[in-house]
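What follows is the residue order along each chain.
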Amino acid sequence: MFKTMKAMSPYLKKHKWLAIGSAILTVIFAILAQVDPYLTGTIIDGVLKGEANDTVVNGILIIVVVTLIRTGLRYIYFLGFERLSQDIVFDLRKDLYKKLQSLDVSYYDKTPNGRIMSKMTGDTEAIRHFYAWLTHVSIFHVCVFVFAIVSMSLINPLLCGISAVLSPFILFISFRLARTIHPAFKEIREQFARLNTMVQENISGNRIVKAFARETYEIHKFDQENEGFKAANLAAAKAQEDNLPFLEAFASLFNVIVMGVGGVLIIRGSMTIGELVAFNRLLWMINNPLRMIGPMVNGIQNFTASYERVSELLEEESVLGLHERPVKPKRIKGYITFDHVTFRYDDQRVLEDINFEIGPGQTLALIGATGSGKSTLTSLITRFYDPDEGQILIDHVPVSQYDLQRLRQNISVAMQDIFLFSDTIEGNITYGVPNIGHRKMKVAAEIAGVNEFIYNFDDDFNTIVGERGVGLSGGQKQRIALARAIIEDPSVLILDDTTSAVDMETEYKILTELKKINENRTTIVIAHRISSVKDADLILVMDEGRIVERGTHKELVDMKGYYYDVFTTQLGEFDRMKEGA
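Residues numbered from 1 in each chain as written. Predicted model: local features only at pLDDT ≥ 70, side-chain atom pairs only at ≥ 80, totals over all residues. Heavy atoms only, no water.

What follows covers the side chain of Thr-337. Along the chain, Thr-337 falls in strand β1 (residues 336-345). With sequence-adjacent residues up to four places away left out, Thr-337 is seen in contact with Phe-356, Glu-357, Gln-391, Ile-392 and Leu-393. (Helix = DSSP H or I, 4+ residues; strand = E, 2+ residues; numbered from the N terminus. Contact = heavy atoms within 4.5 Å.)

Structure follows, in C-alpha cells:
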C-alpha cells in the first residue's frame, strides 16, 4: 500500500492543493460529527432535570445549523476528491498512452491488445475509484474514530477503556484480510485482461468466425474465460467472507458491552442517561469505521493490484537503443545498404546474411513464398527491429544513428496488413500529412487508382469508412493505403504486396503512374506476381530468410532457376510453386 502510494505521489503532487483542501474539509466534517452526540446527551439530561426550554431549543438549533454546514462541506469535499481522482487518472492515462507510443513493435507483437486495453481502462478506473471514494472515506473514518475515542474518554474513561480492549482484535483480522485478499484481486485483474483480450479478438475477427461457422466454438471459449473470471471473483468473495463475520461480531460486541456496563454505571450513579446516550452515539462512530474496514481493505487491495499492472506498462522500456546524438536530416537521399544482416525473432532465424545495395531512382523487388522474410526485411529498414548481426545503412549512415521520427518521416510504407482508421477516406489518405492541400490529396488518389471507385460513393472523399475499412473491398483498401504512402513524397517508398487485390489492368495503370513519380526515389516492392517486379533494377528471390537468386528480370530468366520456373508457369505466385515442389 505505502509503496504504491509512493509510486503515485508524483501524480498527487501536481494537484496537492486540491488534495490538501479536500482533506481539510473532510477533517472538519469529522470534527463537526462530534457535536450531534454531545448535544443530544446534554438535551436529554436537561429535559430529565427539568432545565429551561432555552437550553433544549438552543441545542436543537445548533444541531440543525451544524447539520447544514456538514451537508455543504460534504458536497464540496466530495466534488473535490472526484476532481482530484479525474485529474490524477487523466495524467496517468496520458503517461500510459505516451508510453504505448514510445514502445517498439516487438512489444505489441508479444502483448495481447486486450491486456493493454484492460490496463488503460479497468485498472485506471480502479485507481480513480481509490482517490474518488476510498481516500475521503478513509480520512473521515480515521478522524471520526480518533475524535470519538477522545470524546468517549472525556465522558467515561472506564467505558472507553473497555471498548478499546477489542480494537486490537479488529485490527488483527483486518490485516489478515488484507494479506489474503491481495492475491485474489490481482487474479481478478489478470483474468479480466484475458477475458477482455478474447472478446476484443473475437469482435475484430467476427467475419472469420461467421465464415467458418464457428460461433458455437467461440461461445464455448468465452464461457471458459467467463467462468475463470467468475471463479476469481468468487475466490475474492470467499476470502472476504472468511474474515468479515468476525469483524461484524467484534463490532457488534461493542454495543452489548457498552449497554451492559453503562446500565450498571447509571444504577450506581456514576453516569447519567444523557451521557450513556451520547456515549452510545459516539460508539457508532467507532463501530462504523470498524465495519468499514472490510470494504476499505478490499478497495486498497484492488488499488494496489491495479497499480502493479499499470506500473508494468509504465516500466516497459524500448529495446531499440537511441543514439545520444542522433542524425536528423531534413530529407534522406535513399541509398540503402544491407551488410551481412541476420535477424532472429524469438530465437528463430528469420533472415540470414542478407547483402545488397540500392540507390535513389532505383527499384528493388523482393519476391518469394510467404514466410521467406520479405516483410521482415523492410521492417528493418524502418527500424521496427534491429538486426542481430551485420548492419543496415541509409546514405552510408547506420540506421541506429538516426533520429527515429526523422528516419520514418522519410520512409513511407504501404503495408501488407492494411489498417484504415474509422475516418473519412480523405482522412485516411492524408493521415501522415494532415495539413496537405486537397489538390495534392486528389493527385495522390489518382496515382493510386482511388479515383476509379471514389465517386461511386455519395460523399466521395468524405465517405466514412468502417472500422479497419469494413465495407471496402480489398482492392479499394489497398489503393487508399497506397495513396497514403505516396502523398508524403518520401525518399524511400516500400510497397508490400500493394496491388495483389487488384486486377492486372488496374495494377498496370498504377505501376505506370508510379514510374512517373519515382525517378529520384528509392522504391522497394514486395510482390508475388512477376508482372509487379519484372521492371525492377534489382530482384531478390528469397527463400527461408536467404537470398537464393538475384539480378534483373532478364538475368534471372536466363539463369533458368527458381524465378524462371515461376515465370514460365505464368502462375506468378511463389506459394503455389513451393507447394508443388
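The next subject is the pairing of strand β7 (residues 492-496). Burial analysis of β7 places five of its five residues in the buried class, the great majority of the element. Every second residue of β7 is oriented toward a common face, with Val-492, Ile-494 and Asp-496 on one face and Leu-493 and Leu-495 on the other, all of them buried. Taken together, the four bridges between strand β6 (residues 411-414) and β7 define a ladder with parallel strand orientation. Within the sheet, the bridge partner assigned to Ile-411 lies in β7 and is Val-492. In the sheet, β7 pairs with strand β8 (residues 522-527) via five bridges, with the strands oriented parallel. Residue Leu-493 lies in a different strand from β8, and its bridge partner there is Thr-523. (Buried < 20%, exposed > 50% of the residue type's maximum accessible area, 1.4 Å probe, protein only. Pairing = 2+ DSSP bridges.)

Read from one edge of the open sheet, six strands run β6-β7-β8-β3-β9-β10, paired in mixed fashion. This sheet does not close on itself; its edge strands, each paired only once, are β6 and β10 (546-551). On average, each strand axis in the sheet is tilted by 15° relative to the strand beside it, whichever way the strands run. Where strand β9 (residues 538-543) and β10 come together, five bridges link them in antiparallel fashion. Within β10, the position partnered with Val-541 by the bridge is Glu-549. (Axes fitted to C-alpha atoms, helices over the stretch in contact; angles between N-to-C directions.)

Looking now at the nonpolar core. With 53 residues, the main nonpolar core has Met-8 and Ile-127 as its most contacted residues. Among the secondary structure elements, those contributing two or more residues to this core are α1 (2-13), α2 (16-32), α4 (53-102), α6 (113-155), α7 (157-165), α11 (244-268) and α12 (273-314). Top element by residues in this core is α12. It accounts for 17 residues. Met-8 has contacts with Ile-88, Ile-127, Tyr-131, Phe-303 and Tyr-307, leaving out every residue within four places of it along the chain. Listed in part, the 42 residues of the second largest apolar core include Ala-444, Leu-493, Leu-511 and Leu-514. (Core = buried A, V, L, I, M, F, W, Y, C linked by side-chain atoms within 4.5 Å.)

So, on to unusual backbone geometry. Positioned with a positive phi, Asp-460 is a non-glycine residue whose angle comes to about 35°. For Asp-460, the location among the structural elements is in the loop between α17 (451-454) and α18 (474-486). Judged by its relative accessible area of 25%, Asp-460 is partly exposed. Unlike most non-glycine residues, Lys-560 shows phi in positive territory, near 55°. Along the chain, Lys-560 turns up in the loop between α20 (553-559) and α21 (562-569).

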